[in-house]
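Coordinates in review
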Amino acid sequence: MTHLGDPTPGSDTRLPPRAWLRSDAPVQSLDGDWAFLLHDADPGDDLDGPPPFAAVDADVSAWDRIPVPSHWGLHGHGHPTYTNIRYPFPLDPPHVPDANPTGDHRRTFDWHPSFCPDGRTLLRFEGVESLATVWLNGTEIGWFTGSRLMTEFDVTDHLVDGENVLAVRVHQWSAASYLEDQDQWWLPGIFRSVSLQGRPADGLDDVFVRGDRDPATGVGTLDVRPRGGWPVTVTVLELGIHETWASEGAVVPLQIDAVDAWTPETPRLYDVEVSTDAETVRLRVGFRRIEIAGDRLLADGRPLIFRGVNRHETDPDRGRVFDEDYVRGELELMRQHNITAIRTAHQPPHPRVLELADEIGFWVVLECDLETHGFWDVEWTGNPADDPAWRDACLDRVRRTVERDKNHASVVMWSLGNESGTGRNLAEMAGWIRERDDSRPIHYEGDYGGAYTDVYSRMYPTMEEIASVCGDQTMAVHEIGPAEGARQRAKPFVLCEFAHAMGNGPGSLADYERMVEQYPRLHGGFVWEWRDHGIRTRTADGTEFFAYGGDFGEPVHDGVYLMDGLVLSDGTPSPGLGELAAVWAPVTLEHVSGRSWRVRNRQHSLCTDHLDLRWRVEDDGIRVADGALPAPILSPGAETVIELPAAGIPDATGERWITLEAVWRDAPAWGAAGHVVSRAQVQVNAAPPRPARAAAGGWRGDALGDAVFDRRGALVRWRDLEVSGPLPELWRAPTENDQLDGQGSYETADPALTNGRGDESTPASSVRWLERGLDRLQHRVLSVERTEQGLVQRVRSMAAHSAQGIETTFAWRLDGDGLRLHTDIRPFGPWDCTWPRVGARIGLPGALADEPARWYGTGPAESYSDSAEAAYVGRFEAAVDELGVAYGRPQETGHRPGLRALDLGPLHLRAVASGSTGLPGFQLDRHTAQERTGVAHAHELPPSQGLWLYLDAAQHGLGSRACGPDVLPRHALWPRAVSWTVVFE
Ligand code: GAL
């Protein structure tokens, strides 16, 4: 009998939930190769008893094989489905359609009573999406839901000595799917391990261990609550603890005179052994106290600031199947980028992730597997988070979440779930947690009135809203009464999601960090999100690409909205991740004056004695002096001013920059010695003006020196290179933040007039840009004037049926340095929108794309006005194809402002700043911005027609409007006159 429409979990043959423990009791893995058959629809052959495939003598020799753990959609059976908010089935709770993909799994295994003599044998499932019914040797054992939660059955009485037959039917959809509407792929299957667990008589069925440390005295308390047989002995060799309790009544918390604190920066763990005569369990325990004092959240007595990411479990090949090396690599990459917190969005991860978080060091907000977001579309009518019919299901989920993961030092907050409106069941879940574990605060974003949570949490607030919450509280955000609003806002404030890292972006990370620095109530937050969810796929001709919603032909899907990570699907860090690392530097370096720099320790608990400061002096990007010194020893929160040495530094011969970096002296556990945690630069000498040198030659026919122009004044040849242009350009291929309108826009609104939320009715920037034809400028040469040693071309550029445009003057002049091009662009007419960019593009032969690009300017990665903290000035080199980022969907990428010089094969370009003329940015791309526009995947780009060099006076900022605030007004590019100069040397 299946339980598709049954919201209550189990009937209930499941065992009570317990911790995922490391025990010496016997374990037998049932992972491996299983027989598998996928039905497109629920076969319904189990209504009156076990289905035929569960019978011991059933013949499944013709079935396919599938690995367990896995998702069948990633193994050639059916396909993944992506939706964000919408349910991909009718909103008809608790029912699901008959066309319910159903995966029958079956395997045999050997078991003998010697496995666990005198004890019991449990069958454990660590994760099955979404409903599983289990038969052992033809008998139904039970059923369960709760995809990312652990379930155990006692199967002792159903096992036979010798060969046993295990059959598991997995339904893709069930009542539980209404509770699992997270923004991710729907990926059915047995995707975590299956095992037999021996339970010795008088063993330890469960242990709840908490380590507390009084931050004032350093005194520790070890609170161990065993469940199972007695007596129980607790041993912590390092602390000299060896305590035996005869019975539950004898259990007392153990006091320790002095323990080290566990924090992400000092992930100090103690080995704890808990044993009975029959079983020993080993845990690694950290001691720390998480507490709320007024509107402050404290860990070990000091403010706990979340510099975190939302981490979904996603792997381009395995989906949500755990792989230790992959996850360790992810966590180390996080730490290498100054990320010290994780919200387990939006479900408990594989339990081993939490052991790694304990060991590598993260503050973890552990979220229950609950989201009912689709009910938002029906004004939350029938929302399971509020409906008593779903009470047990909700409580079951939170119980299984907390019980499984309760022993981890890294877990500092429980989160009830995500985007499930609000309601009674959420309140009851919170109540249950408070009874069970009062050592961790409770989080849930939707509790705007503060009825049942301990922190005030928001996603994607504007700067104005943050300032209001932390300041005068004048901005009304939700429809809640003033008293409730005030109650919730008196609590510590956390941004459970902010800075939507979709495509190129997010912008304004530094602006958010300034708010965290400014407002003690604001305890940081979690960037949305860690990684793109693209699934590695191939086109018919074998071209690899990363699939997103709709690529598997799903009729209802949310497209590219799950490609919103700081790390691309294949693990490549995006420039946004580099930006985050710069913004979250644990130690800040700030030039004060002369040789003085301010060093500030922003770490929670580490002093700076593990760091060295490295400095270098560069003239025109060439190092002329460098050195290293130990960092000043600063306790957390402290700062001081240091002086860099003066001796041995030659006089400046060009543009001089001094760069200071803080680096790890010895290798941290998650990185290499010399790892840079912070970098700052100061320019101390400008490039000396170069006296103009007279040109050797002049015009010879159409040639001016090494340049050839056509009759319209366009450059057609430079030395041996066939070139074209320059052509004025205002277009960039829209980013996701340009294309979407998650929140209001400042583009047509004064933030003060729209209560800081921007104008919600303003369409996405790219919609406005397209309406005004910025992608399809038509050009008209107004005049071409030859001078003695130069040429001046004036061009007017406007879109069809528009009255506004730009007028560009390209002024060429041959001098002793080469061919100088001064570009001047001026807007005219009734402009009423921002510009994506303002610049010009020059066509180059495609073969040049095979030459490495070497430049002196900003780098190493792309940067934009609201995402420029990671960029610094120096000399860099990269393959042309590596200058841009392979975002999930082709879009603007690769802009590097502040160009001084660019070498590309025979092309040598120097930019000259003079007076009000700034340095241009550059970009090299095999495709034009127009070609990149509207293309779903990189392999769908048209064949390249050459290489395009863009020189831009400016680009519009990035913002976060795909799911957050628009580009802030000061980073917006409004029509304005610009000019710049480059020399073809
Ligand atoms: C939030 C949600 C996340 C994700 C994000 C957009 O509202 O909690 O799960 O959907 O928006 O990418």
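In the block above lies the structure referred to throughout.
All residue numbers refer to positions counted from 1 along the written sequence of the respective chain. Owing to the predicted nature of the model, reporting of local features is limited to residues with pLDDT of at least 70; listing and counting of side-chain atom pairs is limited to 80 or more, with chain, interface and lining totals taken over all residues. Here the side-chain values reflect all heavy atoms present in the structure, with hydrogen atoms and water set aside.

1. Quick look at the site of the ligand
In the vicinity of the ligand, 13 residues are found, and the nearest of them are D183, H346, E419, E497 and H500. Here D183 contributes a side-chain N or O atom positioned 2.5 Å from an oxygen atom of the ligand. Polar contact criterion, stated in full: a pair of N or O atoms within 3.5 Å, where within protein one must be able to donate a hydrogen and the other to accept it, and residues adjacent in sequence count only if both atoms are side-chain atoms. Residue E419 places a side-chain N or O atom 2.5 Å away from an oxygen atom belonging to the ligand. Starting from 300 Å² of accessible surface for the ligand in isolation, the protein chains cover 96%. Ten residue types, Ala, Val, Leu, Ile, Met, Phe, Trp, Tyr, Cys and Pro, are classed as nonpolar, four, Asp, Glu, Lys and Arg, as charged, and the remainder, Gly among them, as polar. By residue class, the composition of the shell around the ligand is five nonpolar, four polar and four charged. Only heavy atoms are used to decide nearness, and a residue is near a molecule or strand if one of them lies within 4 Å of it. Throughout, the Shrake-Rupley method with a 1.4 Å probe supplies accessible areas, and for residues the shown protein chains are the sole cover considered.

2. A few points about the pattern of salt bridges
Each salt bridge in this description consists of a side-chain nitrogen of Lys or Arg and a carboxyl oxygen of Asp or Glu lying within 4 Å of one another. All told, the structure shown has 100 salt bridges when counted by the stated rule. The residue D104 makes a salt bridge to R169 at a minimum N-O spacing of 2.7 Å. Of this pair, D104 sits in strand 6 (residues 102-111) while R169 is found in strand 12 (residues 162-171), placing the two residues 65 residues apart along the sequence. For the residue pair D104 and R169, the accessibility class agrees, reading buried in each case. Per the convention used, a helix needs a DSSP run of H or I reaching at least four residues, while a strand needs a run of E reaching at least two, with both numbered from the N terminus. Exposure is judged per residue with a 1.4 Å probe applied to protein chains only, and the accessible area is read against the type maximum: over 50% gives exposed, under 20% gives buried, and values in between give partly exposed.

3. So, the packing of aromatic side chains
Stacked, edge-to-face and tilted labels apply to pairs of Phe, Tyr and Trp rings (six-membered ring for Trp) whose centres lie within 6.5 Å, assigned for plane angles under 30 degrees, over 60, and everything in between, in that order. For the structure on display, the rule yields 32 aromatic pairs. With 5.3 Å between their ring centres and 80° between their planes, Y270 and F287 make a pair best called edge-to-face. Remark: F287 occurs in the loop between strand 22 (280-285) and strand 23 (290-293) and Y270 occurs in strand 21 (residues 270-275); sequence separation between them is 17 residues. Each member of the pair Y270 and F287 is classed as buried. When the ring of F306 is compared with that of F526, the centres are 5.0 Å apart and the planes differ by 35°; the resulting orientation is tilted. Of this pair, F306 sits in strand 26 (residues 306-310) while F526 sits in strand 33 (residues 522-528); the two residues are 220 residues apart in sequence, bridging distant segments of the chain. A relative accessible area of 1% means that F306 is categorised as buried. Grouping aromatic residues by their ring pairs yields a cluster made of Y87, F89, W173, Y178, W186, F375 and W390. In this scheme, the term charge over a ring applies when either NZ of a lysine or CZ of an arginine sits within 6 Å of the ring centre and within 35 degrees of the ring normal. Positioned above the aromatic ring of F208, the side-chain terminus of R210 is 4.2 Å from the ring centre. Just above the ring of Y856 sits the side chain of R900; from NZ or CZ to the centre is 5.8 Å.

4. Brief notes about the sheet that holds strand 18 (residues 232-236)
Read across the open sheet, the five strands follow the order 1-22-21-18-19; overall the sheet is antiparallel. The two strands at the open ends of the sheet, each matched to only one other strand, are strand 1 (22-23) and strand 19 (241-245). Here the rule is simple: two strands pair whenever DSSP picks up at least two bridges between them.

5. As for the pairing of strand 9 (residues 131-136)
Every other side chain in a regular strand lies on the same face of the sheet, so the side chains alternate between the two faces. Of all six residues making up strand 9, six are buried, and the element is well covered by its neighbours. Residues L131, T133 and W135 point to one face of strand 9 and A132, V134 and L136 to the other, with burial holding for every one of them. Of the pairings in the sheet, the one linking strand 9 to strand 12 comprises six bridges and is antiparallel in character. Within strand 12, the position partnered with L136 by the bridge is L166. In this structure, strand 9 lies alongside strand 10 (residues 139-144), joined through five bridges in antiparallel fashion. In the sheet register, W135 faces strand 10, and the bridge partner there is E140. Following strand 9, the chain reverses through two residues before pairing antiparallel with strand 10; N137 in that reversal takes a positive phi of roughly 50°.

Function cannot be inferred from these measures alone, as they are strictly geometric.
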